[in-house]
Amino acid sequence: MRNYVVIVGHGRSGSNRLLDTLDCHEATFCRNEPNELQGAVMAALEDGFFEDRLSPDFQRHWRASIARAAARCSGKDRFDACRKVYHAFPYSDRVGAYIFKRRRLRLALGLVVRDMKKEEWETAAFHIDQAALRRATPVFKILLNPGWLTRTHEDDENQRVIHNIRNPVAFLKSWRNRYVTPTGPEKVYRDNLETLDLVLAAFGRPRWSVPAFSEEALFETELWRWRYVNEALYSALNGSPRYMVTRYEDYDDDPKAIARAVYAFAGLQFEQKHAERISEMENTLFGDAPRPAEIKIDMEPILERVLADSPLLDLMSSTVSGSQ
């Protein structure tokens, strides 16, 4: 298996932006949450929120899934970020985006092309040169499964992990606006309670004792989950030369500097054409994003209860770094 990159962390922390940044390079093959697709190869893996619940042979399953997912694609992936080295013909990127992002066209094509009717399918020979694809760098965005990486990283010399982290209050604002509001706050709270006691136990904390819903309780339960996902990754992988931490706020300040560092970490050359693509990406995707509404409750007591003894506080105050 060749080197591959996994973008990890919690949602609403800039992982899409990092994936798109890496997709601006012509020698990457980027997969957007391939574990979230029904019937996909990585969807068959065990839940990776808690590493201690993974089976002893998970490493073997992981390697097989990575290898297969690196030769497949889905409607969640982008097809026209740029002209790739493995595109089979000129304008293959545009043709791919036109066909594969339109479900009806894809289903019609599925009458003659294997797997095309599924949510994830083998890359088509008319679209991608298979030999060239095997020389590209696969990139996977996989969130909320820290156990997959903490279990496999040490023994997988091909794995490169980019961990993106965001200021917790800014994360909560974005999470509330984009996830809680459409889903319903009380439902999200009930969902959080399903694993919360296990999260608290991982930090030696007592069981959750606030059964009734409130906005404050909702934020605190999610902040515990945020801490668990990010701290599990940081505590286990920090010190590995194949682990890199980036901060959402650093990307905001200087996207090209972060892109340059991320490309170097992934073994990719950074050139002016990549800087130009990233600049266009900023303008079209991120320049006019609405600012999340302010949180009206006092967050200081919640932050103190959840993060007072967390190494993430030092991490968030540092600059972008690759572990040494």
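Everything numeric in this text was worked out from a predicted model, so none of it was measured. Residues take numbers from 1 onward in each chain, read along the sequence in its written order. Per-residue local features of the predicted model are confined to residues with pLDDT of at least 70, and side-chain atom pairs are confined, for both listing and counting, to 80 or more; whole-chain, interface and lining totals are unaffected and use all residues. Values shown for side chains rest on all heavy atoms present in the structure; no hydrogens or waters enter the calculation.

K.L.:
Help me understand the pattern of salt bridges, please; the structure alone is not making it clear to me.
P.N.:
When their charged atoms lie close together, side chains carrying opposite charge are able to pair. A pairing counts as a salt bridge when a side-chain nitrogen of Lys or Arg comes within 4 Å of a carboxyl oxygen of Asp or Glu. Counted according to the given criterion, the structure contains 25 salt bridges. A salt bridge links glutamate 294 to lysine 173; the nearest nitrogen and oxygen atoms lie 3.0 Å apart. Linking glutamate 294 in the loop between α12 (272-286) and α13 (300-307) with lysine 173 in helix α7 (residues 168-183), this pair joins segments that are 121 residues apart in sequence. Of the residues examined, lysine 173 reaches a relative accessible area of 16% and is grouped as buried. Counted as one network, the salt bridges with shared partners bring together Arg31, Arg72, Asp77, Glu120 and Glu122. Segments assigned H or I by DSSP are reported as helices when at least four residues long, segments assigned E as strands when at least two residues long, and all are numbered from the N terminus. Note on classification: 1.4 Å probe, protein chains only; a residue is buried when its accessible area is under 20% of the maximum for its type, exposed when over 50%, partly exposed between these limits.

K.L.:
How should the side chain of lysine 141 be read in this particular structure?
P.N.:
The topology assignment puts lysine 141 in strand β5 (residues 137-141). Exposure remark for lysine 141: the relative accessible area of 3% places this residue in the buried category. At 3.1 Å, the side chain of lysine 141 and the side chain of asparagine 32 are in polar contact. What makes two residues a contact is simply this: any of their non-hydrogen atoms within 4.5 Å. The residues touching lysine 141, leaving out its near neighbours within four places in the chain, are Ile7, Ser15, Asn16, Leu19, Arg31, Asn32, Glu33, Pro34 and Asn35. In protein, a polar contact requires one atom able to donate a hydrogen and another able to accept it; more generally it is a pair of N or O atoms within 3.5 Å, and residues adjacent in sequence count only if both atoms are side-chain atoms.

K.L.:
Would you explain the packing of helix α1 (residues 15-23) against helix α11 (residues 255-266) in this entry?
P.N.:
For any two helices packed against each other, one specifies the inter-axial angle together with the distance between the axes. Note on geometry: axes are lines fitted to C-alpha atoms, helical ones only across the stretch in contact, with angles between N-to-C directions running from 0 to 180 degrees. α11 packs onto α1 with a crossing angle of 70° between their chain directions and a minimal axis gap of 10 Å. Here α11 runs roughly perpendicular to α1, going by the angle between their axes. The handedness of the crossing between α1 and α11 comes out as right-handed. Contact with α1, carried on its side by Leu18, Thr21 and Leu22, involves Ala259, Val262, Tyr263 and Ala266 of α11 and no other residues of that element. Residues are sorted three ways: Asp, Glu, Lys and Arg are charged, Ala, Val, Leu, Ile, Met, Phe, Trp, Tyr, Cys and Pro are nonpolar, and all the rest, Gly among them, are polar. Considering only residue class, the contact of α1 with α11 consists of six nonpolar, one polar and no charged. Roughly parallel covers angles under 35 degrees, roughly antiparallel covers those over 145, roughly perpendicular covers 65 to 115, and oblique covers all other angles. Crossings are classed by handedness, with left-handed meaning an anticlockwise turn of the near helix from the far one by less than a right angle and right-handed meaning a clockwise turn.

K.L.:
How should I be thinking about α7 in this particular structure?
P.N.:
The α-helix winds at 3.6 residues per turn, so residues separated by three or four positions along the chain end up facing the same way. Axes are fitted to the seven residues ending at a residue and to the seven starting at it; the angle between these axes is taken as the bend at that residue. The largest bend along α7 measures about 45° and falls at arginine 176. Of the positions making up α7, those classed as buried are Pro168, Phe171, Leu172, Lys173, Ser174, Trp175, Arg176 and Val180. Residues of α7 that are buried in the fold lie against α8 (185-202), α9 (215-237), α13 and α14 (312-317). Phi for glycine 184, located one or two positions after α7, is positive at around 110°.

K.L.:
I tried to follow the side chain of arginine 166 on my own but got confused; where do I start?
P.N.:
Along the chain, arginine 166 turns up in the loop between β6 (159-165) and α7. Nearest to the buried, unbridged arginine 166 among oppositely charged side chains is glutamate 249, at 4.7 Å. There is a polar contact of 2.9 Å between the side chain of arginine 166 and the backbone oxygen of arginine 12. For arginine 166, the side chain forms a polar contact with the side chain of tyrosine 248, separated by 3.4 Å. Setting aside chain neighbours within four positions, we find arginine 166 in contact with Arg12, Ser13, Phe171, Ser174, Trp226, Tyr248, Glu249 and Met316. His residues and chain termini do not enter the charge count, which takes Lys and Arg as positive and Asp and Glu as negative.

By themselves, these are just geometric observations and shouldn't be taken as functional.
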